[in-house]
Amino acid sequence: MHQAVITGTGLYTPPHAISNEELVASFNEYARRWNAAHADEIARGELSALADSSVEFIEKASGIKQRYVVDKEGILDPERMCPRIEPRSNESLSVMAEMAVTAARDALAAAGRSVDEIDGVICAASNMQRAYPAMAIEVQQALGIQGWAFDMNVACSSATFGIEQAANAVKLGNARAVLMVNPEICSAHLEWRDRDCHFIFGDVATAVVVERADLAKTAGYEVLGTRLATVFSNNIRNNAGFLNRAEDKNGDLRDKLFVQEGRKVFKEVCPMVAEHIASHLGSLELHPSGVKRFWLHQANLSMNQLIAKRLLEREATLEEAPVILDRYANTSSAGSIIAFHLHGDLAGGELGVISSFGAGYSVGSVVLRKR
Ligand code: COA
């Protein structure tokens, strides 16, 4: 068995940011128009008027202050409330592959790797641009990588599940180095007309290089262990799929976008994640108090504070559990990797844990030691 190390990470941030103020102004204008258009039904008690969203609620409930998106205008247009993404021909690089390739180049440069030294590509994300061919194969081709590539989806947990697959391939000698990418256009699976969730998501792409320690050109992080777990739940769900057209369903298609029971998710997932990380560390004869940094999935600030508090038995500092969701919002599979990319400055010998969690339910942890 070889030792697997993470030697490079990359990040692509879309050029447009939407502040909570802009988001709320657009939603409230949408609600005003909808209420005016349905005034008679509302007066007769047949429909409920849409209530306003508020910046104060969003910041208090989630910690999110803004999000980056691939298209701002379409999302903020009260007559549209959805990003506008021009279709591309089959001969052009697709939008998600393009984001992934940008992040990947960053990660390869950080690792000091050329494409002919990579043997596999994994695209691990919540939403793929299409059913097939795999996004990962398009990224592989665009970068000029040989070997294999495949897509995988474990929703917000996809990155840690992807790192485990990459690390296993490296450990077994099936690949010298594997590139994992996490392109996320969450703005396209979000119902921007629903005030309960319109503030949650943002768009981004991240990339990670996992390779053999004995071949690595940079110090990087030794992968001490990975652990994955899943328990079925309907509390985060999206029913969009290829059978939709066979279902002859018209009218309310709300379930074909992201839907969640936020309160239940919060209550059920926090203890699950804290126990998962603690027991994973325990199996490696490590203790949370010895961990310098927890790069947690970025969905909700209070959630991360609670998980870190359960682990450390005290409040965590921002250095111990970095926060990027204030700027990026929830970027699904990419969140914990953005935190790792931007706050990965540990000293030799120090320990860190990447943990992602979300729909499934699913939770993954990767225990790292800086070399
Ligand atoms: N502006 C103002 N008020 C709002 C609002 C908005 N944008 N959205 C909801 N509200 C209202 C609700 O209608 C509710 O009013 P009520 O008490 O009169 O019924 C109240 O605020 C509380 O709403 P609730 O949805 O219970 O808030 P919350 O404190 O649970 O926060 C989340 C909502 C989504 C931020 C939070 O539950 C969460 O982040 N959960 C975890 C989600 C998660 O990690 N998911 C993983 C996704 S991958």
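Notes on the structure in this doc start here. (Residues numbered from 1 in each chain as written. Predicted model: local features only at pLDDT ≥ 70, side-chain atom pairs only at ≥ 80, totals over all residues. Heavy atoms only, no water.)

1. Observations concerning the site of the ligand
Contacts to the ligand come from 18 residues, most closely from Cys156, Arg195, Gln260, Arg263 and Asn300. Here Gly262 contributes a backbone N or O atom positioned 3.1 Å from a nitrogen atom of the ligand. Between the ligand and Arg263, the relevant distance is 2.9 Å, taken from an oxygen atom to a side-chain nitrogen or oxygen of the residue. Compared with its free state, where it exposes 970 Å², the ligand has 72% of that area covered by protein. Those elements that place two or more of their residues in the shell around the ligand are α3 (55-62) and α8 (262-283). With 3 residues, α8 is the largest single contributor of residues to the shell around the ligand. (Near = heavy atom within 4 Å. Polar contact = N/O pair within 3.5 Å; in protein donor to acceptor, adjacent residues only side chain to side chain. Areas by Shrake-Rupley, 256 points an atom, 1.4 Å probe, with all protein chains shown as cover. Helix = DSSP H or I, 4+ residues; strand = E, 2+ residues; numbered from the N terminus.)

2. Here's the deal with the packing of aromatic side chains
One pass over the structure, following the stated rule, counts 8 aromatic pairs. Ring geometry for Phe27 against Tyr30: centres 6.1 Å apart, planes inclined by 55°, an arrangement best described as tilted. Of the two residues, Phe27 and Tyr30 both sit in helix α1 (residues 20-37), 3 residues apart, roughly one turn of that helix. Residue class for Phe27 comes out buried when judged on its relative accessible area of 2%. Look at Tyr221 and Phe340: their rings are 5.1 Å apart centre to centre, the planes differ by 65°, and that puts the pair in the edge-to-face class. Pair noted here: Tyr221 is in strand β8 (residues 221-230) and Phe340 is in helix α11 (residues 335-342), with a separation of 119 residues, a long-range link. Classification of Tyr221 by relative accessible area gives buried; the value is 5%. (Phe/Tyr/Trp six-rings, centres within 6.5 Å; stacked < 30°, edge-to-face > 60°. Buried < 20%, exposed > 50% of the residue type's maximum accessible area, 1.4 Å probe, protein only.)

3. Examining the environment of Ser26
Mapped onto the elements of the fold, Ser26 is located in helix α1. Residues Ser26 and Ile75, spaced 49 residues apart in sequence, show a C-alpha to C-alpha distance of 8.6 Å. Leaving out residues up to four positions away in the same chain, Ser26 has contacts with Ile75, Leu76, Pro78 and Met81. Within the structure, Ser26 has its side chain in polar contact with the backbone oxygen of Leu76 (distance 3.1 Å). (Contact = heavy atoms within 4.5 Å.)

4. Examining the side chain of Ser62
Looking at the element boundaries, Ser62 is found in helix α3. In this structure the side chain of Ser62 is engaged in a polar contact, spanning 2.6 Å, whose partner is the backbone oxygen of Ile58. In this structure, Ser62 is in contact with Phe57, Phe199, Asn300, Leu301 and Leu325, ignoring residues within four places of it in sequence.

5. Here's the deal with the pattern of salt bridges
Should their charged atoms come close, side chains of opposite charge can pair. For the coordinates displayed, the defined rule picks out 23 salt bridges. Residue Arg88 is joined to Glu98 by a salt bridge in which the shortest nitrogen-to-oxygen separation is 3.2 Å. Remark: Glu98 occurs in helix α5 (residues 95-111) and Arg88 occurs in the loop between α4 (73-76) and α5; sequence separation between them is 10 residues. Note on Glu98: relative accessible area 37%, which makes it partly exposed. (Salt bridge = Lys/Arg side-chain N within 4 Å of Asp/Glu carboxyl O.)

6. With respect to the pairing of strand β6 (residues 177-185)
Extensive coverage of β6 is indicated by the burial of 9 of its 9 residues. Along β6, one buried face is formed by Ala177, Leu179, Val181, Pro183 and Ile185 and the opposite face, lined by Val178, Met180, Asn182 and Glu184, is buried too. As judged from the 4 bridges shared by strand β4 (residues 120-124) and β6, these two strands associate in the parallel manner. Following the sheet pairing, Gly120 is matched in β6 by Val178. Both β6 and strand β7 (residues 203-212) contribute to a ladder of 9 bridges, which runs antiparallel. Residue pairing across strands places Val181 opposite Ala207, the latter belonging to β7. (Pairing = 2+ DSSP bridges.)

7. Quick word on the state of the cysteines
This structure, assessed with the given rule, holds 0 disulfides. Of all cysteine sulfurs in the structure, the one in Cys197 sits closest to Cys82, which takes part in no disulfide; the separation is 13 Å. Cys186 supplies the cysteine sulfur nearest to Cys123, a cysteine that is in no disulfide, at a spacing of 13 Å. (Disulfide = S-S within 2.5 Å.)

8. Considerations on the pairing of strand β3 (residues 66-69)
Residue alternation in β3 divides its side chains into two sets, Gln66 and Tyr68 and Arg67 and Val69, and both sets are buried. Bridge count for strand β2 (residues 16-19) against β3 is 4 bridges, and the pairing is antiparallel. When the sheet's bridge partners are listed, His16 is paired in β3 with Val69.

9. Quick word on the packing of α5 against helix α6 (residues 135-143)
Two numbers describe how α5 lies on α6: the axes approach to 9 Å, and their chain directions differ by 55°. With respect to α6, the element α5 is oriented oblique. Judged by the twist between their axes, the crossing of α5 over α6 is right-handed. Taken together, the residues of α6 that come into contact with α5 (itself represented by Met96, Ala97, Ala100, Val101, Ala104 and Arg105) are Met135, Glu138, Val139, Ala142 and Leu143. For the contact of α5 with α6, a count of residues per class yields 9 nonpolar, no polar and 2 charged. (Axes fitted to C-alpha atoms, helices over the stretch in contact; angles between N-to-C directions. Parallel < 35°, antiparallel > 145°, perpendicular 65-115°, else oblique. Left-handed = near helix turned anticlockwise from the far one by under 90°. Nonpolar A, V, L, I, M, F, W, Y, C, P; charged D, E, K, R; others polar.)

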